[in-house]
Amino acid sequence: MDIPEPSFWSCVDPLVSDEIKMQLLALRNSESDVKKCRSWIRLMLMKGLLLSFLIDIQKHPGLLGPHYGPDAVLKDPECSEIIIQLLKGLQVFEFEYDFTSPQLMTWDAVILQLAEIWNPDDCPPRRMSKPKRSGIQSTNQVYYERVS
């Protein structure tokens with residue numbers, strides 16, 4: 001049994017601007033939904049827009065339905081507010097990510113185990129190759145604004 005490759009792209013896709021989608025396509029690392037998801041998170045962190053997006057997705061709870069159970073943290077208003085407060089702390093940092101990393105291709109076994117999506121007792125994890133280091137930065141504008 002292989003490690004699952006969960007994707008939340010269909011959850012965020014309706015809210016992602018065409019400009020961001022074009023940036024993801026330009027990265028040449030977003031052929032699959034898993035790659036789009038992982039690249040999208042990195043791009044949103046780099047641009048300081050993950051907080052704005054989380055606030056926006058809270059306004060569209062129907063998008064979360066197929067991806068999260070009824071007790072999911074993102075569906076709980078109190079927990080969501082805690083996440084929003086924590087993300088506000090990230091606004092002071094600048095992020096730079098490698099968009100060519102092989103780690104964008106699959107989910108790490110530890111992450112899936114922590115999310116309770118995969119149990120290592122069911123199947124031994126695959127070995128991951130070490131990521132290649134290089135900085136690719138995007139300069140295009142996006143539609144979300146930073147929240148402070």
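As shown above, the structure is provided for reference.
Note that this is a predicted model, so its numbers are computed, not measured.

Parameters and conventions
- Residues numbered from 1 in each chain as written.
- Predicted model: local features only at pLDDT ≥ 70, side-chain atom pairs only at ≥ 80, totals over all residues.
- Heavy atoms only, no water.
- Core = buried A, V, L, I, M, F, W, Y, C linked by side-chain atoms within 4.5 Å.
- Buried < 20%, exposed > 50% of the residue type's maximum accessible area, 1.4 Å probe, protein only.
- Helix = DSSP H or I, 4+ residues; strand = E, 2+ residues; numbered from the N terminus.
- Contact = heavy atoms within 4.5 Å.
- 1 Å grid on protein atoms, 1.4 Å probe; cavity = no way out; pocket = protein on both sides within 12 Å on 5 of 7 lines; lining within 4 Å.
- Points joined across faces, edges and corners; volume = space filled by probe spheres on them.
- Nonpolar A, V, L, I, M, F, W, Y, C, P; charged D, E, K, R; others polar.

Colleague: Any chance you could explain the nonpolar core here in plain terms?
Modeller: Proteins that are soluble and globular tend to have nonpolar side chains buried together. V12, W40, F53 and I57 are the most contacted members of the largest nonpolar core, which totals 32 residues. Among the secondary structure elements, those contributing two or more residues to this core are α1 (9-12), α2 (18-26), α3 (33-47), α4 (50-58), α5 (77-90) and α6 (109-114). When sequence neighbours within four positions are dropped, the list of residues in contact with W40 reads F8, W9, V12, V16, I20, L24, L50 and F53.

Colleague: Please explain empty space enclosed by the protein as it appears in this structure.
Modeller: One way to see where empty space is left: roll a probe the size of a water molecule over the atoms. By the definition in use, this model includes 1 cavity of 30 Å³ or more. Its boundaries defined by the atoms lining it, the largest cavity holds a volume of some 50 Å³. Lining the largest cavity are M44, L45, G48, L49, L50, L51, L87, L90, Q91 and F95. Counting only elements with at least two residues in the lining of the largest cavity, the list comes to α3, α4 and α5. Residue composition of the lining of the largest cavity, by class: 8 nonpolar, 2 polar and no charged.

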